[in-house]
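Here are the chains, one letter per residue:
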Amino acid sequence: MTSTRRAFLRQLAGGGALAAAPGISRAAPAQRRKPNIVYIMSDELGYYELSCMGHPHIKTPNVDRMAAEGVRFTQALAGASVCAPTRCCLMTGKHAGHTSVRKNDGGTPLREEEETVASVLKRAGYATGGFGKWGCGGRGSTGVPERHGFDVFVGYYDQVHAHSYYPPYIVRNSEEMVLPGNRGGRTGQTYSHYVIFDEAKKFIRASKDRPFFCYLPVTPPHGMFDIPDDDPAWALYKDKEWAGEAAQYAAMVTMVDRQVGEVFALLEELGLARDTIIFFCGDNGGNDYFRAKDSPRGFLGPNVNPKTGKAFRGHKGNLYEGGLRIPMIVRWPGKIRPGGVSDFLWYFPDVLPTLAELAGAAAPKDVDGISIVPELLGEEAAGRKQVPHEFLYWEYGSQTAVRMGHWKAIQPGKGRDWELYDLSKDLLEQNDLAAERADRLATMKAVAEREHEPARPGTFHDRDLHEKDRRAKLGDTRPQASGKVNALSQDGLIPRKECKVLRASSESKGNGRLARHVLDSNPRTHWHTNFQGAAETHPHELVIDLGAERTVRGFRYLARQDAGWNGAVKDCEFYVGSDPKRFDKVAAKTTFRKIKTAQEVACEPVRGRYVLMRILSEINGAPWASIAELGVVGE
């Protein structure tokens, strides 16, 4: 470590005035303590959905002010193209080939021992608070935020819960925080986001006498597009000729913008404005909501340049630029040059090492990110040159992407050809150079192969808490066992006490969704294929031993009987045979419907002892399968 670097860390720790970035007056007040850090992340906000980007409809004067007083990054990229995985990259400093949370199922948890931004800063003496949507572990798991460095976290642990702004409760350090008058869905009296943001302001006030990290992964504008009728932001849009959900979405963005201004005002009131660095960003690429014939990329065009009409390829959920490019603005009065625009290439794994350096703390050794402090404050202030990335890496589902400088390689799906783009000339990813630059592509594919490791998610010790939060989205907070459910009629079935599940392609052992539940005569239980870590994909199979050779005439199926649908099966094949390892002829094919009453498919009478159910698809297009009850018609 150089002497200049040591001096920089001492200054951040309170040992003297921090050198100013080029163009900043050195007469600024001395930095007497480590900087406060406020990190605001707006869920699903698109790259072009700010008025400083020329958006024709959405007004964001406070974020525009932030850009004028700080630096706007044109090549800041998400850690992943969907909610939970991108948050895990941000929190842990790891890219998506090394993170524990790679599925977007809402509850997959961090492992017990994993470090986060909050745990690193807490050890450095920071008060740590989170307010909004967590997404790195549902209640009852090893991934809850209070076990990963947060003194307090208020909001939603599960992202399904976060779809509603009127749930019966939100969560504070794993305890339920009741929201009066709320019925779930879009009905209620207490707007959850107001409560969450007020808690953030209380935290800042309570922490004013020590350095603090205030993480604000706010939910708007994602989820159900709801905003109170008397919110000042709605008044700006409610009478537009395009009023409707698009206007509600726009108003939610403007509401968040107003609250950015409230953070500025609070810091000024407390005398902390020059002691606080503020980040503002989206969490992943924009979703092309509100599509129509004359606006195929969505009425608000999150990925469409309003000045040129040209659009990033792709959107939320894939690894083209439309799924990864995010707005990113950073402000620190007196330290960051105002009005800056930087094309420095960075992404969410860089957040942890950057904040650690600002706090004078050591980042964990296993992070994949780099600190961008020299780019933020200037190389003279940082005492070193900014080191660029050798590569950036992403994966999601069967997609993989690698970035090296202006080159980007992407495999858009399992078994599909790799593509290669020169983003310096082809930002819209239209001209595939894979054949012309096979040497370059080979280098990048080698990076992808090296950087992927199998996911190792955390675990649940009480899955019921998490499932309750998911049901609370629509107001159902009853214990799972309450209420009447449909049953599977036993008329005409081979007695299930004589049958047993011989094998299943997979089962979710972590939360007790076992294959044997399809024959347990309890419709409240269900089998679910594995969905944590590396989820198994279709086809899924169950083999049932009928206990003796039987005449089979059909099959009876009952879908999930809880509040969810995930895994309810769609296209299926049934086989009957005398060898449990060999099934030659299809006895029946069917497409099941999305209903919670029993469904039956008949077949020509066939003799055999073993039944194979092969599940080819799921009613929502997901990779899972689940069944509450299954019966075999025959004698």
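The structure this text deals with has already been given above.
So, how was this worked out
- Residues numbered from 1 in each chain as written.
- Predicted model: local features only at pLDDT ≥ 70, side-chain atom pairs only at ≥ 80, totals over all residues.
- Heavy atoms only, no water.
- Pairing = 2+ DSSP bridges.
- Helix = DSSP H or I, 4+ residues; strand = E, 2+ residues; numbered from the N terminus.
- Axes fitted to C-alpha atoms, helices over the stretch in contact; angles between N-to-C directions.
- Contact = heavy atoms within 4.5 Å.
- Disulfide = S-S within 2.5 Å.
- Buried < 20%, exposed > 50% of the residue type's maximum accessible area, 1.4 Å probe, protein only.
- Polar contact = N/O pair within 3.5 Å; in protein donor to acceptor, adjacent residues only side chain to side chain.
- Core = buried A, V, L, I, M, F, W, Y, C linked by side-chain atoms within 4.5 Å.
- Salt bridge = Lys/Arg side-chain N within 4 Å of Asp/Glu carboxyl O.
- Parallel < 35°, antiparallel > 145°, perpendicular 65-115°, else oblique.
- Left-handed = near helix turned anticlockwise from the far one by under 90°.
- Nonpolar A, V, L, I, M, F, W, Y, C, P; charged D, E, K, R; others polar.
- Phe/Tyr/Trp six-rings, centres within 6.5 Å; stacked < 30°, edge-to-face > 60°.
- Lys NZ or Arg CZ within 6 Å of the ring centre and 35° of its normal.

Undergrad: Would you take a moment to explain the sheet that holds strand β16 (residues 419-422) for this structure?
TA: Each strand in a sheet pairs with another by means of backbone hydrogen bonds, the pair being arranged parallel or else antiparallel. Read from one edge to the other, the open sheet built from four strands follows the order β13-β14-β15-β16, with strand pairing classed as antiparallel. Where the open sheet ends on each side, the last strands, each with one partner, are β13 (392-396) and β16. With strand direction ignored, the average angle separating the axes of adjacent strands in the sheet is 15°. Judged from the four bridges that link them, strand β15 (residues 407-411) and β16 form a sheet pairing that is antiparallel. Its bridge partner lying in β16, Trp-407 is registered against Asp-422. In the packing of helix α12 (residues 438-451) onto the sheet, the strands contacted are β13, β14 (399-404), β15 and β16, and the crossing angle to β14 comes to about 120°.

Undergrad: Could you clarify how one ought to interpret the state of the cysteines in this entry?
TA: Between two cysteines, a covalent bond joining their sulfur atoms is known as a disulfide. Applying the stated rule across the entire model yields zero disulfides. Cysteine Cys-136 shares no disulfide, and the gap to the nearest cysteine sulfur, in Cys-88, comes to 4.9 Å. Cys-281 forms no disulfide, and the closest cysteine sulfur to it belongs to Cys-83, at a distance of 12 Å. Given the relative accessible area of 0%, Cys-281 is considered buried.

Undergrad: Explanation requested: the sheet that holds strand β4 (residues 127-133) in the structure shown.
TA: Here 10 strands make up an open sheet; going across it, the order is β7-β6-β5-β4-β8-β1-β9-β10-β2-β11 and the pairing mixed. Edge strands, defined here as strands with exactly one partner in the open sheet, are β7 (175-178) and β11 (340-342). Looking at each pair of strands side by side, their axes are set apart by 15° on average, direction ignored. Taken together, the four bridges between strand β9 (residues 276-282) and strand β10 (residues 328-331) define a ladder with antiparallel strand orientation. Within the sheet, the bridge partner assigned to Cys-281 lies in β10 and is Met-328. Here helix α3 (residues 83-92) sits on the sheet in contact with β1 (36-42), β4 and β8 (212-216), set at roughly 165° to β8.

Undergrad: Got a minute to help me understand unusual backbone geometry in this structure?
TA: Note on backbone geometry: most residues besides glycine have negative phi, and most peptide bonds are trans. Omega for the peptide link from Pro-220 to Pro-221 comes to 10°, which places this bond in the cis form. Examined against the element boundaries, Pro-221 turns out to sit in the loop between β8 and α6 (232-235). Of note, the bond from His-538 into Pro-539 is cis; its omega dihedral lies within 30 degrees of zero at 0°. Mapped onto the secondary structure, Pro-539 falls in the loop between β18 (527-528) and β19 (540-558). Residues other than glycine seldom take positive phi values, yet Phe-290 does so here, at roughly 60°. Mapped onto the fold, Phe-290 is located in the loop between β9 and α8 (321-324). The backbone of Ser-521 shows a phi angle near 65°, a positive value even though the residue is not glycine. Mapped onto the elements, Ser-521 comes out in the loop between β17 (500-504) and β18.

Undergrad: When you look at the side chain of Asn-182 in this model, what are you seeing that I'm missing?
TA: Residue placement: Asn-182 occurs in the loop between β7 and α5 (192-206). Only 2.9 Å separates the side chain of Asn-182 from the backbone nitrogen of Gln-189, close enough to count as a polar contact. Among the polar contacts listed, one links the side chain of Asn-182 to the backbone oxygen of Thr-190, at a separation of 2.8 Å. If we skip the residues at most four places from it in the chain, Asn-182 touches Tyr-165, Tyr-166, Pro-167, Pro-168, Thr-187, Gly-188, Gln-189 and Thr-190.

Undergrad: Would you explain the nonpolar core in this entry?
TA: Across soluble globular proteins, nonpolar side chains have a tendency to be buried as a group. Grouped together as the largest cluster of nonpolar side chains are 61 residues, with contacts concentrated most on Phe-131, Phe-212, Cys-214, Leu-216 and Phe-280. The biggest single contributor to this core is helix α7 (residues 245-269), with 14 residues. One finds Ala-96, Leu-110, Leu-376 and Ala-381 within the second-largest nonpolar core, a separate group that totals 57 residues.

Undergrad: How should the environment of Arg-607 be read in this particular structure?
TA: Tracing the backbone through its elements, the reader meets Arg-607 in strand β22 (residues 599-615). Distance in space between the C-alpha atoms of Arg-607 and Ala-96 is 49 Å, their sequence separation being 511 residues. Those residues in contact with Arg-607, other than ones at most four positions away along the chain, are Glu-549, Arg-550, Thr-551 and Val-576. Only 2.9 Å separates the side chain of Arg-607 from the side chain of Thr-551, close enough to count as a polar contact.

Undergrad: Would you mind showing me how to read the pattern of salt bridges here?
TA: Any two side chains of opposite charge can pair, given that their charged atoms come close. Counted under the stated rule, the structure contains 46 salt bridges. Taking the shortest distance from any N to any O, the salt bridge between Arg-186 and Asp-226 comes out at 2.9 Å. Of this pair, Arg-186 sits in the loop between β7 and α5 while Asp-226 sits in the loop between β8 and α6, and the two are 40 residues apart along the sequence. For Arg-186, a relative accessible area of 41% translates into the label partly exposed. On the basis of relative accessibility, which here comes to 8%, the residue Asp-226 falls in the buried class. Measuring nitrogen to oxygen at the nearest pair gives 4.0 Å for the salt bridge that ties Lys-201 to Asp-198. Here Lys-201 and its partner Asp-198 are both found in helix α5, three residues apart, which amounts to about one turn of the helix. Bridged by salt links that share partners, the residues Asp-198, Lys-201, Asp-231, Arg-258 and Glu-262 form one connected network.

Undergrad: Got a minute to help me understand the packing of α5 against α7 in this structure?
TA: Angle between the axes and distance between the axes: these two values describe a pair of packed helices. Where α5 meets α7, the closest approach of the two axes is 11 Å, and the angle between their N-to-C directions is 15°. Considered as vectors, α5 and α7 are oriented roughly parallel to each other. In this structure, α5 meets α7 at a crossing whose hand is right-handed. Of α7, the residues touching α5 (which contributes His-193, Tyr-194, Phe-197, Lys-201, Ile-204 and Arg-205) are Met-255, Arg-258, Gln-259, Glu-262, Val-263, Leu-266, Leu-267 and Glu-269. Broken down by class, the residue content of the contact of α5 with α7 amounts to seven nonpolar, two polar and five charged.

Undergrad: Before we go on, may I ask you to explain the packing of aromatic side chains in this structure?
TA: To describe a pair of aromatic rings, one takes the distance between the centres and the angle between the planes. What the rule picks out here adds up to 29 aromatic pairs. With 5.6 Å between their ring centres and 50° between their planes, Phe-131 and Phe-203 make a pair best called tilted. With Phe-131 in strand β4 and Phe-203 in helix α5, the pair connects residues that are 72 residues apart, well separated along the chain. Both residues of the pair, Phe-131 and Phe-203, count as buried. With a centroid separation of 5.2 Å and an interplanar angle of 80°, the aromatic rings of Phe-225 and Tyr-289 are classed as edge-to-face. Highlighted residues: Phe-225 in the loop between β8 and α6 and Tyr-289 in the loop between β9 and α8, separated in sequence by 64 residues. Members of the aromatic cluster, joined through ring pairs, are Tyr-39, Trp-134, Phe-150, Phe-153, Tyr-157, Phe-213, Tyr-215 and Phe-279. Above the face of the Tyr-320 ring, Arg-313 is positioned so that its terminal group lies 4.0 Å from the ring centre.

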